[in-house]
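Observations on the three-dimensional arrangement
Listed below, chain by chain, are the residues.
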Amino acid sequence: MGLRQFVIDAWSWLNYKPVMAEAGRPGSRAFPELTRTWVPPHDFRRLAAYKVLASYDNNQAGQLAAVGGDASALERRELGDAANLVDTALGYLLGSEQKVAVEGAEHADEETSMPGAAEAAAVQDRLRKWADKELLTFRVQQAERAAVLLGDSVMVLAWNPEKQRPTLRVYDPGFFFPQWDDEDDDFPRKVHLAWELPADDDAGLKARVRRVTYELGPISEGGEEEGDGSARARTYPWEPGRTSNVTCYLTDAEWLLEDLKNGETLDQLPMGKAAFRVREDGTELNRLDLMIDFVPVVHVANTIPDGGEHWGRSVLARVLQALDELAATDSDSSAASATTGTPIIGLAGARLPVDRATGRPQELEVKAGAVWQLGETGRMDALDTSPQLAELRARVDHLLERIAANSRVTAAGLGTLDATEVPSGYALKLALGPLDALIGMMRLAREHKYRLLFKMVQRLYQAGRAEGWTAGETMLARLAWAPHTPTDRGAVLEEVVKAYGAGVLSLETAVAMLMEAGYPIRDASQEVEQIRAKAEQEAAVRLAEAAARRGASGEEDTEENDPAAWGGRAEHDKGRVPDPVGG
């Protein structure tokens, strides 16, 4: 049977799965949630791909295949190889730590600091305090594991008046439905976060769908009217001197599933049947003006999307079929080990015991201490399956090597490389080359998204008129990653000492290099201050000691005994013209 339809898209690497052909079909047992009337049809394949990938992460790929019609898949042995690959890639991506870094803040303590360096350092300090309060490291790990596994993750910011700071929450990418007016736009002007709420009979609640919508639109209330009175505008604190007529509206509502009809998809839900949520202060969340000109939602893609696409690709994408082969081989290996440990035995000429109740021969059991009586021509043959078991184990090793190579995590990265096979550190560095390229690509795909996140944090602080956050241009901040592989700290230290001693590196840059190499330096600016303070103290002590020596021995004796004075007098004599008399 040929393919019904040949599809190439961001999830076509899953086309070999029969369940993908059933995505969104009525009566689908694998994806019953996709048959809901509110789910947009163009999102069926994306949501189905997320579910397939989640099943591999939870050792349930065989169960999902069985639901799709493959009954034998229930016997599949899944030993966590997919989850191990995801967690390993995640660990290398995150490194040992992540820090907020504001451009220019590292030069704030220099004697000739750059303009704006002090302001950058102050913003960096405030952002790092926000990161500690909002558990940024924890949130980043939540978001990044979803991105590495599913290909996408979503982070949402909101201003909290009680805490007087922006809050950060991570959402399942299956809840994320951006509405693109133009595929060439960098960011959507309208975003839905939607999910189903199950029925609760005890509370008397029916099944319903909740939709949270962020939408950019013209200012309809408040603001200042322009001269002709045709439009309203306001000045945002991050763009002083410039007016804007755009704001972001928030709508949070619920609909009963029984009230939705066919054709009423997520963007066309009947507003007349909506039940709007209410904030603690009694404000109804129906087109609430957030007083900002951006959508506070950040979509993080695991990889750089192809042209015309917006979605990332899972780290499992290219090796999913290899993981299926590995699970099948593990299952065959388990069956072969059973016949190797308890072999199949054939008997000829044996006297079998008879069951007195039925008169039939009893079955023999292979166990320790068993004795069987054989006749004169009796013979026993055992089926040896150990060669097949050895071949299956070799195939497992081959598949693991193939998965490590094709995923670019490498055998050295997964920890399966034998240390005796690495002749030198340079050879190990070459072996880790594909992993370096993979992590570099993944971090590049996230660089702009985290810059955008910190820009939104600063603007939410300004919009909330928080203490210390004045009107002005937003500072450029980024997420600084630690090295993903071990660093030769001794070589870095030697390089830093030579470069700083030669005057080709500043003290700030030298300390930053030591931090990247893994030295326990918590704050670069404080470390620079401590180094300079210590150098000044040592210089003061040397001057005091020199003055004490001069006071004790006298000026003339000092010149005779002080090597520095000899050097100065030698330099002075070197420049004298010789006396023609020879005096």
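Below: a short report on this structure. (Residues numbered from 1 in each chain as written. Predicted model: local features only at pLDDT ≥ 70, side-chain atom pairs only at ≥ 80, totals over all residues. Heavy atoms only, no water.)

1. Examining the overall build of the chain
Along its length, the chain carries 16 helices and 16 strands. The proportion of buried residues among the 583 residues of the chain is 38%. The contacts of the chain with a sequence gap of at least 6 include a subset with a gap of at least 24, amounting to 66%. With the model as given, the accessible surface of the chain reaches about 33900 Å², and the carbon-plus-sulfur share is 51%. (Helix = DSSP H or I, 4+ residues; strand = E, 2+ residues; numbered from the N terminus. Buried < 20%, exposed > 50% of the residue type's maximum accessible area, 1.4 Å probe, protein only. Contact = heavy atoms within 4.5 Å. Areas by Shrake-Rupley, 256 points an atom, 1.4 Å probe, with all protein chains shown as cover.)

2. Some details on a nonpolar patch on the surface
Residues Leu347, Leu352, Leu364, Leu374 and Met380 make up a contiguous nonpolar surface patch of about 390 Å² in total accessible area. Assignment of secondary structure puts Met380 in strand β15 (residues 374–382). (Patch = residues over 30% accessible without salt bridge, like charges linked within 9 Å, V, L, I, M, F, W, Y side chains within 5 Å. Salt bridge = Lys/Arg side-chain N within 4 Å of Asp/Glu carboxyl O.)

3. What to know about the packing of helix α4 (residues 81–94) against helix α6 (residues 136–150)
Packing of α4 against α6 leaves a shortest axis separation of 10 Å and a crossing angle of 130°. Viewed along their axes, α4 and α6 adopt a mutual orientation that is oblique. Taken as a pair, α4 and α6 cross one another with a handedness that is right-handed. Only Val140, Gln141, Glu144, Arg145, Val148 and Leu149 of α6 make contact with α4, whose side of the interface consists of Ala83, Val86, Asp87, Ala89, Leu90, Leu93 and Leu94. Its residues assigned to classes, the contact of α4 with α6 comprises nine nonpolar, one polar and three charged. (Axes fitted to C-alpha atoms, helices over the stretch in contact; angles between N-to-C directions. Parallel < 35°, antiparallel > 145°, perpendicular 65-115°, else oblique. Left-handed = near helix turned anticlockwise from the far one by under 90°. Nonpolar A, V, L, I, M, F, W, Y, C, P; charged D, E, K, R; others polar.)

4. Quick look at the pattern of salt bridges
If you walk through the whole model with that rule in mind, you get 23 salt bridges. One salt bridge in this structure joins Asp57 and Arg145, with 3.0 Å as the shortest N-O distance. Here the residue Asp57 occupies a position in helix α2 (residues 44–57), and Arg145 occupies one in helix α6, the gap between them amounting to 88 residues. The exposure class of Asp57 is buried, given its relative accessible area of 16%. For Glu494, the salt bridge is made with Lys498, and the minimal N-O distance between the two is 3.3 Å.

5. A few points about the nonpolar core
Membership of the largest hydrophobic core comes to 113 residues, with the highest contact counts inside it found for Trp38, Trp130, Leu136, Tyr214 and Leu316. Looking at this core element by element, the count peaks at twelve residues for helix α11 (residues 433–463). Counting nine residues, the second largest nonpolar core, distinct from the first, contains Val496, Leu507, Leu514 and Ile521. (Core = buried A, V, L, I, M, F, W, Y, C linked by side-chain atoms within 4.5 Å.)

6. A look at the side chain of Asp330
By the secondary structure assignment, Asp330 is in helix α7 (residues 320–341). The side chain of Asp330 sits in the buried core without any salt bridge; Arg77 is the nearest counter-charge, 6.3 Å away. Other than its neighbours up to four places away in sequence, Asp330 contacts Arg77, Leu79, Asp81 and Val396. (Lys, Arg positive; Asp, Glu negative; His and termini not counted.)

7. A short note on empty space enclosed by the protein
Left-over empty space is what a probe sized like a water molecule reveals as it rolls over the atoms. Under the criterion given, the structure shown has one cavity of 30 Å³ or more. Estimates place the volume of the largest cavity at around 110 Å³. Around the largest cavity, the lining comprises 14 residues; the ones closest to its centre are Glu78, Asp81, Ala82, Leu323 and Ala327. The set of elements that each furnish at least two residues to the lining of the largest cavity consists of α4 and α7. Top contributing element to the lining of the largest cavity by residue count: α7, with four residues. (1 Å grid on protein atoms, 1.4 Å probe; cavity = no way out; pocket = protein on both sides within 12 Å on 5 of 7 lines; lining within 4 Å. Points joined across faces, edges and corners; volume = space filled by probe spheres on them.)

8. Quick notes on α6
Given a rise of 1.5 Å per residue, 15 residues ought to cover 21 Å, and the 21 Å separating the end C-alpha atoms of α6 matches this to within 8%. Those residues of α6 that fall on the buried side of the exposure criterion are Leu136, Arg139, Val140, Ala143, Glu144, Ala146, Ala147, Val148, Leu149 and Leu150. In the stretch just after α6, Gly151 is the one whose phi turns positive, near 100°. (Expected span 1.5 Å × (residues − 1).)

9. So, unusual backbone geometry
Despite not being glycine, Gln164 shows a phi value in the positive range, around 55°. The class for Gln164 is partly exposed, based on a relative accessible area of 38%.

10. Some words on the packing of aromatic side chains
Ring pairs (aromatic) are described by centroid distance and by the angle formed between their planes. Taken as a whole and assessed by the stated rule, the structure comprises nine aromatic pairs. The interplanar angle of 40° and the centroid separation of 6.1 Å between the aromatic rings of Tyr171 and Trp195 together place this pair among those described as tilted. Remark: Trp195 occurs in strand β5 (residues 190–197) and Tyr171 occurs in strand β3 (residues 165–171); sequence separation between them is 24 residues. A residue is classified by how much of its surface remains accessible, and Tyr171, at 26% relative accessible area, is partly exposed. (Phe/Tyr/Trp six-rings, centres within 6.5 Å; stacked < 30°, edge-to-face > 60°.)

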